[in-house]
Amino acid sequence: MRYSEGSLRLLHDDLYQARYCYQMVNEEGRVIKKQVARNFHAASQKEAVLEKAHIRDQLEREALIEDMLPCQKKNPKLSKFMFEQIDGMMKLGLIEPTTGAKYKSEANLILRFIDDVPVHKITAAMVRRMDQDMLAKGVCEGDSRTAAQRPQEVPLRGS
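The structure contained in this document is the topic of the report that follows. (Residues numbered from 1 in each chain as written. Predicted model: local features only at pLDDT ≥ 70, side-chain atom pairs only at ≥ 80, totals over all residues. Heavy atoms only, no water.)

So, the overall build of the chain
As a reminder of what qualifies: Helix and strand definitions here come from DSSP, where helices need a minimum of 4 consecutive H or I residues and strands a minimum of 2 consecutive E residues; each element is numbered from the N-terminal end. Exposure categories follow from relative accessible area, calculated using a 1.4 Å probe and restricted to protein chains: below 20% of the type maximum is buried, above 50% is exposed, and the middle band is partly exposed. Per-residue and other accessible areas follow the Shrake-Rupley method at a 1.4 Å probe size, with only the shown protein chains counted as cover for residues.
Counting its regular elements, the chain contains four helices and four strands. Each helix and strand of the chain, ordered N terminal to C terminal, gives the series β-β-β-β-α-α-α-α. Counting over 159 residues, the chain shows a buried share of 27%. Total accessible area on the chain is roughly 11,500 Å²; 53% of this is exposed by carbon and sulfur atoms.

Put into structure tokens, the structure is as follows:
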């Protein structure tokens, strides 16, 4: 989804309105055009122009996040969904590349224990079984290292 640059109008005193148009293609392939308006206060025209750009960026960001939701896609498989989510968060700047790499490592770990099924078919029983299998194999939740690979806690003196 792509928003227009938008238009700006002064409603009264310091109250402005930013208007944007966007178009999207629905599931049947039809193009749908819509308008969005946001009201805000600004001390000057220059400040209003900056706020209009900020609002547009926020709308674009929200649209990208909505595109990543599983309900928008036709039954994505778990692997595709997880990696698209991680890539989307990195693209939006919500996480750093190093964090994204860690998340991808954890996603690969999850895929070792849960079959690559459509997201909507994952059940609580599957997740419980994954937890049990991970514990049995010595892999802690949130840590892809086995128990033998993890550093051991050293007791403090005087404790």
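Now, onward.
Let's talk about the nonpolar core
Going by this rule: By nonpolar core we mean a set of buried residues, namely Ala, Val, Leu, Ile, Met, Phe, Trp, Tyr and Cys, connected to one another through side-chain atoms within 4.5 Å. Note on contacts: a residue pair qualifies if any of its non-hydrogen atoms lie within 4.5 Å across the two residues.
Core analysis: the biggest nonpolar cluster contains 13 residues, and Leu-109, Phe-113, Ile-114, Met-130 and Met-134 have the highest contact counts within it. Setting aside its immediate chain neighbours within four residues, Ile-114 contacts Leu-78, Met-126 and Met-130. Residues Tyr-16, Tyr-22, Leu-59 and Ala-63 belong to the second largest nonpolar core, which totals twelve residues.

Observations regarding the packing of helix 3 (residues 97-113) against helix 4 (residues 124-136)
Stated precisely, the cut-off is as follows: Whenever a helix is involved, its axis is fitted only over the stretch in contact; in every case the axis is a line through C-alpha atoms, and angles between N-to-C directions fall within 0 to 180 degrees. An angle counts as roughly parallel when it lies under 35 degrees, as roughly antiparallel when it exceeds 145, as roughly perpendicular when it falls between 65 and 115, and as oblique in every other case. When residues are sorted by character, Ala, Val, Leu, Ile, Met, Phe, Trp, Tyr, Cys and Pro go into the nonpolar class, Asp, Glu, Lys and Arg into the charged class, and all the rest, Gly among them, into the polar class.
One way to put it is that helix 3 packs onto helix 4 with a least axis distance of 9 Å and a crossing angle of 100°. Judged on the interaxial angle alone, helix 4 and helix 3 are roughly perpendicular. Contacts from Leu-109, Ile-110 and Phe-113 in helix 3 reach Met-130, Asp-133 and Met-134 in helix 4. Of the residues in the contact of helix 3 with helix 4, the class split is five nonpolar, no polar and one charged.

Re the pairing of strand 3 (residues 15-25)
Note on strand geometry: in a regular strand, side chains alternate between the two faces of the sheet. The condition that has to hold: Strand pairing follows a simple DSSP-based rule, namely that at least 2 bridges must link the two strands.
Strand direction decides the pairing type here: strand 1 (residues 2-3) and strand 3, joined by two bridges, are antiparallel. Looking across to strand 3, one finds that Tyr-3 is bridged to Tyr-22. Both strand 2 (residues 7-12) and strand 3 contribute to a ladder of five bridges, which runs antiparallel. The residue bridging Leu-10 from the neighbouring strand is Tyr-16, located in strand 3. Joining the antiparallel neighbours strand 2 and strand 3 is a turn of two residues, in which Asp-13 adopts a positive phi near 45°. Both strand 3 and strand 4 (residues 31-41) contribute to a ladder of eleven bridges, which runs antiparallel. Across the sheet, Tyr-20 pairs through a bridge with Val-36, a residue of strand 4. In sequence, strand 3 turns back onto strand 4 through a hairpin of five residues, with Gly-29 there showing a positive phi of about 90°.

Here's the deal with the environment of Arg-61
Structurally, Arg-61 is set in helix 1 (residues 45-68). Taking the C-alpha atoms as reference points, Arg-61 and Leu-92, 31 residues apart in sequence, are found 7.0 Å from one another. The contacts of Arg-61, once residues within four sequence positions are left out, are Leu-92, Gly-93 and Leu-94.

Re the pattern of salt bridges
Put simply, the test is: Each reported salt bridge corresponds to a side-chain nitrogen of Lys or Arg within 4 Å of a carboxyl oxygen of Asp or Glu.
Taken as a whole, this structure holds five salt bridges when the rule is applied. We note a salt bridge from Lys-104 to Asp-87, for which the minimum N-O separation is 2.8 Å. Pair noted here: Lys-104 is in helix 3 and Asp-87 is in helix 2 (residues 78-92), with a separation of 17 residues, a long-range link. Sharing partners across several salt bridges, the network here consists of Glu-5, Arg-56 and Glu-60.

Focus on the packing of helix 2 against helix 3
Packing of helix 2 against helix 3 brings their axes to within 10 Å, and their N-to-C directions diverge by 170°. Regarding the angle of helix 2 to helix 3, the classification is roughly antiparallel. From helix 2, Leu-78, Ser-79, Met-82, Phe-83, Ile-86, Asp-87, Met-89 and Met-90 reach across to helix 3, where they touch Pro-97, Gly-100, Tyr-103, Lys-104, Ala-107, Asn-108, Ile-110 and Leu-111. For the contact of helix 2 with helix 3, the class distribution of residues is eleven nonpolar, three polar and two charged.

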